Amino acid sequence: MAGTAESKVAAARRQVASPVPYLEYDEFVEVQIAKTRDSLRSNEVITALTQLAVLWVGYLLLVVILDHWVVDRGLSPQVRMILLLGLIALSGFITFRHILWPLFRRIHPLYAARVIEESESQFQGNLVNWIDLKEAGRASETSAAVRAIEKRAAVGLDRIDVDRSEEHTSELQSPCN
């Protein structure tokens with residue numbers, strides 16, 4: 001079942017580049033969720049890289065101020081080595097936890113749907129409900145209720161800019177599986 005869902009997403013992604021409209025609502029929703037998941041991952045990595053840059057610049061500024069103006073005769077080589085090792089350890093932790101971890105972990109579609117819904121009030125739970133039904137294997141049912149939820153989710157996604165929906169998120173520790 002996962003192979004068919006991934007092939008649908010791949011086919012729908014190809015349609016994003018083409019002017020041909022989507023064939024089904026579910027394909028459109030899956031593409032938008034995939035875009036949101038990719039954007040969330042990118043935001044997390046870019047935020048971590050910015051944190052690393054600020055950490056290194058702050059370290060250099062602190063060491064220069066301590067070495068030249070605060071400590072008489074400058075910092076000893078042992079203190080400099082301890083500070084440098086602390087910087088390297090903290091940089092390694094940030095790199096592992098906020099860059100490598102999100103790159104190799106899966107962001108759950110329900111989390112991506114929740115991020116979109118929190119940014120726009122028009123969904124009223126339709127997107128999360130449809131993803132939940134899909135995860136439970138009930139989205140393929142032909143009932144009118146499931147089709148209505150699917151259509152409302154697709155129409156709602158069509159009316160918003162998905163790329164703006166994840167601007168307010170910063171941590172991905174919980175959505176990664």
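Read on for an overview of the structure.

Parameters and conventions
- Residues numbered from 1 in each chain as written.
- Predicted model: local features only at pLDDT ≥ 70, side-chain atom pairs only at ≥ 80, totals over all residues.
- Heavy atoms only, no water.
- Helix = DSSP H or I, 4+ residues; strand = E, 2+ residues; numbered from the N terminus.
- Buried < 20%, exposed > 50% of the residue type's maximum accessible area, 1.4 Å probe, protein only.
- Contact = heavy atoms within 4.5 Å.
- Areas by Shrake-Rupley, 256 points an atom, 1.4 Å probe, with all protein chains shown as cover.
- Salt bridge = Lys/Arg side-chain N within 4 Å of Asp/Glu carboxyl O.
- Core = buried A, V, L, I, M, F, W, Y, C linked by side-chain atoms within 4.5 Å.
- Patch = residues over 30% accessible without salt bridge, like charges linked within 9 Å, V, L, I, M, F, W, Y side chains within 5 Å.

1. Brief notes about the overall build of the protein chain
Along the backbone of the protein chain there are seven helices and zero strands. Secondary structure of the protein chain in N-to-C order comes out as α-α-α-α-α-α-α. The 177 residues of the protein chain split such that 36% are buried. Across the protein chain, contacts joining residues at least 24 apart in sequence account for 69% of those joining residues at least 6 apart. A total accessible area of about 11,000 Å² is found for the protein chain, and carbon and sulfur atoms account for 60% of it.

2. Quick look at the environment of V146
Within the fold, V146 resides in helix α6 (residues 144-158). Taking relative accessible area as the criterion, V146 reaches 5% and is therefore assigned buried. Expressed as a C-alpha distance, the spacing of V146 and N126, which sit 20 residues apart in the sequence, is 9.9 Å.

3. Some details on unusual backbone geometry
In this model, R73 sits at a positive phi of 70°, which is unusual for a non-glycine residue. When you line up the elements, R73 lands in the loop between α2 (25-70) and α3 (77-104).

4. Regarding the pattern of salt bridges
For the coordinates displayed, the defined rule picks out four salt bridges. Here D67 and R80 are joined by a salt bridge, their closest N and O atoms 2.7 Å apart. With a gap of 13 residues between them, D67 in helix α2 and R80 in helix α3 connect regions that are remote in the sequence. Overall, R80 belongs to the partly exposed group, its relative accessible area being 38%.

5. Quick word on the nonpolar core
A general tendency of soluble globular proteins is for nonpolar side chains to be buried together. Membership of the largest hydrophobic core comes to 21 residues, with the highest contact counts inside it found for V29, I33, L40, I116, F123, L127 and L157. Every element with two or more residues in this core is listed here: α2, α4 (109-119), α5 (126-135) and α6. Not counting the four nearest positions on each side in its chain, F123 is found in contact with I116, E117, A153, G156, L157 and I160. One finds V45, A48, I94 and I99 within the second-largest nonpolar core, a separate group that totals five residues.

6. Considerations on the side chain of H108
Topologically, H108 is positioned in the loop between α3 and α4. Assessed through its relative accessible area of 18%, H108 is described here as buried.

7. Quick notes on a nonpolar patch on the surface
Together, W56, M81, L84, L85 and I88 make up an exposed nonpolar region whose accessible area comes to about 460 Å². The element best represented in the nonpolar patch is α3, accounting for four residues.

8. Looking at the environment of W56
By secondary structure assignment, the location of W56 is in helix α2. In this structure W56 comes out as partly exposed when scored by relative accessible area, which is 36%. Beyond its immediate chain neighbours, meaning those up to four positions away, W56 contacts L87 and S91.

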